[in-house]
Amino acid sequence: MNLQLKILFTIVFASMMFSAVCQEFHAPITSLTTKSNTLNYKLSGSQYYFFSSLEGSAYLNDDWVRGSVILENGDRYDSLLLKLNTFTEDLITFNERIGAVAIIDKFIVDEFTMDTDKSSENLFRKMYFDKYPKGEHYFNMLYEGKLKLLCWYYTFEKKTSTYKDVAGITRDSYYKLSPIYFIEFPDNTLVKVKSTRKSLINLFPEQKKRIRKLLRKNKIHFYSKNTSELARAVNLIETEFFSN
Amino acid sequence: MTCLIFGKEDLKVTRMNRRKINIVPYVILFILILFVNGKMRAQEIIHLFPDRSFAVSGDTVWFSIFIYSDDSNETSEVVHVQLDDLANNHVSKVSILCSGKTGEGYIHIPDSLSTGIYVLKPFSLVQKISGKGVINQKLITVYNRFDNETGVIEEPDGIKLKRYDINKEVVITTGKEQYEKGENVNVEIRIPGTGIDQYKKVFAFAGLADPFSQRFLSGWIPSSTIAKTENPVMLTEKNGILISGKVVSNETDVPVANAIVLLSIPDTIPFFDYCISDSAGEFYFYLRNATGVANLVIQALSQNEEKCKIKLSYSFIEVGSIPATQKILTLEETTFIGNIIKASYYSKLFKGYKIGTPDNFMLPMQFKYPFYGPPTKTYYPDLFVDLPDFREISREILHGVQYRERKGGTTIRLQNQSISALFSQEPLRLLDGIPVFDNKIFAPMGTNDIKKVDVVFYKRFYGDLTFNGVLSVYTKNKSLDWVDLKPGIGHFEYSCLQLAKRFEFMNGRVPDTHVPNLNKVLFRTTVKEIKSQIDFNFFTSDIKGDVEINVILIDKNNHISYAHKFIDVK
C-alpha cells in the first residue's frame, strides 16, 4: 500500500470515528443551533425512503412545495417543504436544517396546506372515513360551507405491459392517480360523487329538476376536468337548498 | 431685496411660519414617541384579593385574581402568586390559570413560617420579562401557631397603602348588628339599578377582622420590578408555564452554548421535549396544561461531550424590599392573636393535622401516541418465563433487539425494518421515558422488573433530533432513584399550574355540638350573576370578635371599588 492510500484510509477511518462519537441525537451533517427551538410540539415522524421507480408518480406534487401544517393540538408550522405521497398516503417533509426527509406522523396532523397555484385547492384535512378504505385519510377541501366538497387523491399500481425502470429492473405496473370526490352533508355523512352532472344530480333525487335547471341557468356543464365546476355546482346547491 | 418689500408685520409672519416649519418635525417626533410609549405601556395590571388579611401558619389562604391589559388579545392567562417576606426573601409560589380575566387559587402558609407581615405578589411572565410591570402587592400577617407571646411585629414603614375607593352606592345589610356564636347571618348586597351594568366582576368574602391587619384587605402596595429578567424567549403564558434554566460546564461553571437539553417527565405516556441552549447557555420549555408538581428530569448533551449541569430558574419576581420598623402591639391586638392561635391549636386537636401534600402531577396528552410514535412492537416480559437479566430478555423475547455485553461496554442495536438491516448506531434508549446513555443500567433488569418494552424499528425524527430506532423500557416500580445517582442528570420537583379546586366557601353549622367551629374565614365567592340584589348567608364561628363582610367591585373601566360592613359576634 502506497503512502497516498495510507493517508486516504487514515482520513476515512478518522472521519468514521468522528461520526461514531458525535452526538447520537441529530444528523451528523450539521450541529444543532437555537434555530431548532420552538415552543410548538415538535414535528415527529419516520424516515422516508424514495424507493420505487415505477412509471408515473406516487406523489400529488413531484416537486417540493412550501406549505403549512396545523397539528391536532393547534400548533402551526409554516413554510415547510412538503410532498404528498398519494400511494402510501403520507405527508412528507424535507427538514432543511438537518437535511432529512421524514413522513410526518399522521396522528399529530390535523390539516395542512400546500402553496400551489390553485389557492382554492390547497387545503387538506385529516378526516375519518368509515367506509372502504376505513381509516384516517387526507382529504383535499375543494369547497367548504354547509355542504363540503372533498377530494381523496388515491394512487394505485395499475398493471401494464412489462418495461424496464431507470434501474433496469423489469416492471409490470405503473402509478395511476385517481381523484375520488365526496360531498359531506350537514349531518357529516360522506357520499361519493363523480365529477359529472348526472352523479351530482343523483345525490338529490327529490330536487333533480330544480338542480338541472340551476346548473343550466348558471352554465355549469362539467365539460372540463377542472374541479372548479363541481365546486361551483356544490356552492349553488348549498345556496339554493341548504341556506337555512 | 425681498426683505425690503416686507413690512415689520410681514417679517413677523415669515418668522412665525419658519418657526412652524421648524417645529413640525419635533411635533411629529413627539407624537411618535407618545405613540411608541403608549404601545409599550400596554402592560398588564394584576390585582389580587385574598380572602383574609391574616393567617396562622399552616393555614391556606385563598384569593381571587383580576388581570387586564390594553391589548386584551395578548393578556396572560397564567398568573404567578409569590409569597415573600418584607425583606424580599421568597417563601413559596403558585401558578394560577385564569379564565375570562379572573382566576382563583390558594397558597399554603408553611407551618414553620415565623410571625410577621408577608407580601403576596401577583405577576405574569410578561411583567417579569418586560421589567416594566407594576406589581400590586398585598400584605398579609402570619402568626406562627407556636408563637404564644407575640408583642412586637415588624410593620412597613414609610410606605402608604394605596386604597380601593369606597363604593358608597353599594349597600351591605344584615338582619342585625350583633350575632351569637354559630348563628346564621343573612347578607344582602344591594347595587343600585343603574350600576349593575357597569360592574363586570364582584367578589365577596367575610371573615374575622384582625384589629392589627384588617386595613391590609382594602389596600395594596404597587411596586416596580427591580430589573428586567433576561429570558431566552418572549412568551405570553396562556395555558401553561415556561420552564427555563441554564446549562453550565460541570467543571468551570461557564455557560454551554448549543447543548441539546432534554426534558423528560416520566408518566404512563412519557413527556419529552428538547431545546438547544443559546450563547448564554439558556434553555426553555413550555409545559401546557400541566398541573401539580412535576418530576422534571433534565439532562444536557454538549457538542464536545463536556460534562454539564443544569441550573433551573424558579421564576420568582424581584421587587424592592419594603422597609419595616418594629411596632408594639396593643392589648386588643395581642388578645386577638392569642385567641386565634388557641383556636388553631384546638382546631388541629379536634380535626387533626394534615400535612399538605403536593398536588399530583397531571399532564393531558396532546396526542394518542408518545413522542416516539406508535411502537412497532410492544413486549410484556412478565408474560414469559422468568428471565434473570436484560441479556436473557433481549435474546429470548425482544426479537430485533441486539444487546451485547462486552468488555468494552454494552451496546444495543435495533433492526431497521425499512431496509431490513441493523442500525449502525445506538437507538434512543428510554427508561420510564427518560433517555439513558449508559446501557449498563438495563443489565440487571429481569422479567420481574419490567412492565413492558416498546420498540420502534424505524428511524425516527422528533423535531430536529434523529433516533436510530427507539427502545423504551417501562419498569414496574417507576422509581427515579437511578436518576438521582447519575451525575449530570438534573432531577427537579417543579410546581406547574395549580390544580383548580372549589373556591366558593360558606361556613356552615357544625352538626356535632362537641366539635367547635373555629373557622376564621366564613364566606367567599365570585358572584356569577351580577344582579341588583345579591344574597348569601353564612354561620358565625365559635371565635368571638368582629366579622367583616367585604365586597370588591370591578367596573367596565377596570376601576376597583369596595364596600364593607362589620358585625359583632358575642
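Each chain carries its own residue numbering, running from 1 in the written order of its sequence. Lettering of chains starts at A and numbering of ligands starts at 1, both following the order in which they are written. The predicted origin of the model limits local features to residues at a pLDDT of at least 70 and limits the giving and counting of side-chain atom pairs to 80 or more, whereas totals for whole chains, interfaces and linings rest on all residues. For the side-chain quantities, the full set of heavy atoms in the structure was used; hydrogens and water were omitted.

### Here's the deal with the overall build of chain B
Phase 1 of the analysis: Strands are runs of DSSP state E lasting at least two residues, helices are runs of H or I lasting at least four, and both sets are numbered from the N terminus onward. In terms of helices and strands, chain B carries six helices and 37 strands.
Phase 2 of the analysis: Burial statistics for chain B: of 570 residues in total, 52% are counted as buried.
Phase 3 of the analysis: We call two residues contacting when some pair of their heavy atoms lies within 4.5 Å. Looking at chain B alone, contacts between residues at least 24 apart form 74% of all its contacts between residues at least 6 apart.
Phase 4 of the analysis: Where accessible areas are quoted, they stem from the Shrake-Rupley method and a 1.4 Å probe; at the residue level, only the protein chains shown are allowed to cover. Carbon and sulfur atoms form 53% of the exposed surface of chain B, whose accessible area is close to 26900 Å². Note on exposure labels: buried denotes an accessible area under 20% of the residue type's maximum, exposed denotes more than 50%, and partly exposed covers the range between, all computed with a 1.4 Å probe on protein chains only.

### Description of the overall build of chain A
Phase 1 of the analysis: Across its full length, chain A carries four helices and 11 strands.
Phase 2 of the analysis: The buried share of chain A, reckoned over its 244 residues, is 46%.
Phase 3 of the analysis: By sequence separation, contacts in chain A at least 24 residues apart represent 50% of the contacts at least 6 residues apart.
Phase 4 of the analysis: Accessible surface computed for chain A: about 13800 Å², of which carbon and sulfur atoms make up 54%.

### Observations regarding the domain arrangement of chain B
Phase 1 of the analysis: Here the bounds of each domain stem from an automatic or database domain assignment. Split by domain assignment, chain B resolves into domain 1 (46-224 + 319-354 + 517-569) and domain 2 (377-478).
Phase 2 of the analysis: Using C-alpha coordinates to define each centre, domain 1 of chain B is positioned 55 Å away from domain 2 of chain B.

### Some words on the side chain of Arg288(B)
Phase 1 of the analysis: With respect to the secondary-structure elements, Arg288(B) resides in strand β20 (residues 282-288).
Phase 2 of the analysis: In terms of polar contacts, Arg288(B) uses its side chain to reach the side chain of Asp75(A), at 2.6 Å.
Phase 3 of the analysis: Contacts of Arg288(B), omitting those with residues within four sequence positions, involve Leu39(A), Asn40(A), Tyr41(A), Asn73(A), Asp75(A), Asn239(B), Gly240(B), Leu363(B) and Gln366(B). Two N or O atoms form a polar contact when they lie within 3.5 Å of each other; inside protein one atom must be a possible hydrogen donor and the other a possible acceptor, and for residues adjacent in sequence the pair counts only when both atoms belong to side chains.

### A few points about the interface of chain A and chain B
Phase 1 of the analysis: Across the boundary between the two partners, chain A contributes 40 residues, which contact 45 residues of chain B.
Phase 2 of the analysis: Accessible area that two parts lose when put together, with a 1.4 Å probe and added across both, is what the buried area reports. Buried area between chain A and chain B, both sides added, is near 3500 Å², and the carbon and sulfur share of it is 55%.
Phase 3 of the analysis: What makes a salt bridge here is a side-chain nitrogen of Lys or Arg within 4 Å of a carboxyl oxygen of Asp or Glu, nothing more. Linking chain A to chain B there are four salt bridges.
Phase 4 of the analysis: With a shortest N-O distance of 2.6 Å, Arg288(B) and Asp75(A) are connected by a salt bridge.
Phase 5 of the analysis: Counting the contacts that link chain A with chain B gives 18 residue pairs in polar contact (both at pLDDT 80 or more).
Phase 6 of the analysis: The set of elements that each furnish at least two residues to the side of chain A that touches chain B consists of α1 (3-21), β1 (44-47) and β5 (100-104) of chain A.
Phase 7 of the analysis: With four residues, the single largest contributor to the side of chain A that touches chain B is β1(A).
Phase 8 of the analysis: Classes in brief: Ala, Val, Leu, Ile, Met, Phe, Trp, Tyr, Cys and Pro nonpolar; Asp, Glu, Lys and Arg charged; the others, Gly included, polar. Grouping the constituent residues of the side of chain A that touches chain B by class yields 17 nonpolar, 16 polar and seven charged.
Phase 9 of the analysis: If DSSP finds at least two bridges between two strands, the strands pair. By the bridge criterion, three bridges tie β1(A) to strand β30 (residues 450-462) of chain B in an arrangement that is antiparallel. In the strand pairing of β30(B), Ser44(A) is matched with Tyr462(B).

### Describing the sheet that holds strand β27 (residues 421-422) of chain B
Residues and elements named next belong to chain B.
Phase 1 of the analysis: Spatially, the three strands line up as an open sheet ordered β25-β26-β27, and their pairing is antiparallel. Of all the strands in the sheet, the pair left with one neighbour each is β25 (401-406) and β27.
Phase 2 of the analysis: Bridge analysis of β25 against strand β26 (residues 409-416) gives six bridges, and the strand direction is antiparallel. Of the residues in β26, the one forming a bridge with Tyr403 is Ile412.

### Some thoughts on the pattern of salt bridges
Residues and elements named next belong to chain B.
Phase 1 of the analysis: Scanning all chains against the criterion turns up 35 salt bridges over all chains.
Phase 2 of the analysis: A salt bridge links Arg524 to Asp51; the shortest N-O distance between them is 2.7 Å. Of this pair, Arg524 sits in strand β34 (residues 521-526) while Asp51 sits in the loop between β1 (45-50) and β2 (54-56), and the two are 473 residues apart along the sequence. Residue Arg524 shares its accessibility class with Asp51, and that shared class is buried.
Phase 3 of the analysis: Note that Asp59 is salt-bridged to Arg52, the shortest N-O span being 3.1 Å.

### Focus on the sheet that holds β20(B)
Residue and element names in this part refer to chain B.
Phase 1 of the analysis: What the three strands build is an open sheet, ordered β20-β17-β22; its pairing is antiparallel. In the strand order of this sheet, the two ends are held by β20 and β22 (308-313), each with one partner. The average undirected angle you get between the axes of adjacent strands in this sheet is 30 degrees. A fitted line through C-alpha atoms serves as each axis, taken over the contacting stretch for helices, and the angle formed by two N-to-C directions is quoted from 0 to 180°.

### Regarding the confidence of the model for chain A
Phase 1 of the analysis: Per residue, pLDDT measures the predictor's confidence, with a range of 0 to 100. Mean pLDDT for chain A: 85, with 86% of residues reaching 70 or above.
Phase 2 of the analysis: In the predicted structure, residues 13-23 of chain A sits below a pLDDT of 50 and forms eight contacts with residues beyond four places in sequence or in another chain.

### Things to note about the pairing of strand β28 (residues 428-431) of chain B
Residue and element names in this part refer to chain B.
Phase 1 of the analysis: Burial along β28 is two-sided: the residues Leu428 and Leu430 and Arg429 and Leu431 are all buried.
Phase 2 of the analysis: Here β28 pairs with strand β31 (residues 465-475) via four bridges, running parallel. Counted as the bridge partner of Arg429 is Leu471 from β31.
Phase 3 of the analysis: The pairing of β28 with strand β29 (residues 434-436) spans three bridges and is antiparallel. Each residue of the ladder has a partner; that of Arg429, found in β29, is Val436.

### Quick word on a nonpolar patch on the surface
Phase 1 of the analysis: Where nonpolar side chains cluster on the molecular surface, the patch consists of Tyr345(B), Tyr346(B), Leu349(B) and Phe350(B) and spans about 450 Å² of accessible area.
Phase 2 of the analysis: Of note, Tyr345(B) is situated in helix α4 (residues 331-351). For patches, a residue must show more than 30% relative accessible area and have no salt bridge; joins then use 9 Å for like charges and 5 Å for nonpolar side chains, namely Val, Leu, Ile, Met, Phe, Trp and Tyr.

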